[in-house]
Amino acid sequence: MTGHVAALYRHPVKGFTPERLGHADLAADGPFPCDRLFAVENGPSGFDPAAPAWISKQKFTVLAAIPQVAKARTAYDEASGVLTATAEGLPPFSGDLAEPPVREAFTAWLAQVIGLQDIRGPLRLVDAPGHRFMDHPKGHVSIINLASIRDLESKIGRPVDPLRFRGNVYVEGWPAWAENDWMGRDLMLGFARARVFEPIVRCAATHVDPTTAECDMDVAKALFDNYGHMKLGVYVHVTASGRVTTGDAITAPNLEPAA
């Protein structure tokens, strides 16, 4: 059973809009390139750059807590370290995030996007070498099966933007919901190999329309009401390095018992 990569995305800043890519070079035991490199504290989070550790996303400016974050469109240039951000009604922001004054300028710009009513404390951009601000401490790369989304749409009778699910790899060609049974199985992802870790349990971030920034749909409840679970998509761990490109084959695991 083989599907293909319909789209690739990364989220340079945790909780913000995705940036579409044509390809990505996946490294064994590593995360998706330049994904969730930065996070923005909404008041002190307890994150220590000298000893980085996983922290709940509720400590940061993310869609689950602040839907207005979706109004900011971001893109990151890996070579220069320059982040570009735009939002309707504001001048664009662009700067090298390695520079402390640029970080402060970005959070000041972001405060105008969010609005004072949702700011609990000082906004502060944080990062640490080698650290990623993942929703799950072992969620290296996320894959979304577009057929599963279409099946959900058929149940609730309305469109569901796939970008609500904030995945790295979007796949066409797999049967709906087949991915939920693949824990511990291996698959080929372009020219990389990966092992399915576990399904992704969905939260309130999916309730926010990524285009309008409005909280307009209880996706978690829709999943539970129609399927008895709140899962959509899977986390995988890359086990052999390789490039994945839009249009590449992505083979589903062989579930047949060995002869």
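The present account deals with the structure reproduced in this document. Model, not experiment: these values are computed from the prediction.

What follows concerns the overall build of the protein chain. Counting secondary structure elements, the protein chain contains three helices and 15 strands. The C-alpha atoms of the protein chain give a radius of gyration of 18 Å, which matches the 18 Å a tight globule of 259 residues would have. Counting only C-alpha atoms, the protein chain reaches 60 × 40 × 30 Å along its principal axes. Counting the 259 residues in the protein chain, one finds 51% classified as buried. The long-range fraction of contacts in the protein chain, counting pairs at least 24 apart against all pairs at least 6 apart in sequence, stands at 71%. Working note: accessible area of the protein chain is about 11500 Å², and carbon and sulfur atoms make up 54% of it. For the protein chain, the separation between the mean place of its 25 positive charges and that of its 30 negative charges on side chains is 3 Å.

One way to put it is that helix 2 (residues 146-156) packs onto helix 3 (residues 219-227) with a least axis distance of 10 Å and a crossing angle of 80 degrees. The orientation of helix 2 relative to helix 3 falls into the category roughly perpendicular. Residues Asp151, Leu152, Lys155 and Ile156 of helix 2 form the contact with helix 3, whose participating residues are Val219, Ala222, Leu223, Asn226 and Tyr227.

Given 3.6 residues per turn, any residue in an α-helix points the same way as the ones three and four places further on. Between its first and last C-alpha atoms helix 1 (residues 100-114) spans 21 Å; for 15 residues at 1.5 Å apiece the expected length is 21 Å, and the two agree. For helix 1, the complete set of buried residues consists of Val102, Arg103, Phe106, Thr107, Trp109, Leu110, Ala111, Val113 and Ile114. As for helix 1, its buried residues are in contact with strand 4 (39-42), strand 6 (82-86), strand 7 (93-96) and strand 8 (123-126). Just beyond helix 1, the residue with positive phi is Gly115, at close to 95 degrees.

In this structure, Phe16, Val40, Phe106, Trp109 and Leu110 are the most contacted members of the largest nonpolar core, which totals 29 residues. Secondary structure elements with two or more residues in this core: strand 6, helix 1 and strand 8. A total of seven residues in this core trace back to one element, the largest contributor, which is helix 1.

Regular strands have side chains that alternate between both faces of the sheet. Taking every second residue as pointing to the same face, both faces of strand 4 are buried, with Ala39 and Glu41 on one and Val40 and Asn42 on the other. As paired elements, strand 4 and strand 8 share four bridges and run antiparallel to each other. What sits directly across from Glu41, in strand 8, is Arg124.

Criteria and thresholds
Residues numbered from 1 in each chain as written. Predicted model: local features only at pLDDT ≥ 70, side-chain atom pairs only at ≥ 80, totals over all residues. Heavy atoms only, no water. Helix = DSSP H or I, 4+ residues; strand = E, 2+ residues; numbered from the N terminus. Rg over C-alpha atoms; globule rule 2.2 N^0.38 Å. Buried < 20%, exposed > 50% of the residue type's maximum accessible area, 1.4 Å probe, protein only. Contact = heavy atoms within 4.5 Å. Areas by Shrake-Rupley, 256 points an atom, 1.4 Å probe, with all protein chains shown as cover. Lys, Arg positive; Asp, Glu negative; His and termini not counted. Charge placed at Lys NZ, Arg CZ, Asp CG, Glu CD. Axes fitted to C-alpha atoms, helices over the stretch in contact; angles between N-to-C directions. Parallel < 35°, antiparallel > 145°, perpendicular 65-115°, else oblique. Expected span 1.5 Å × (residues − 1). Core = buried A, V, L, I, M, F, W, Y, C linked by side-chain atoms within 4.5 Å. Pairing = 2+ DSSP bridges.

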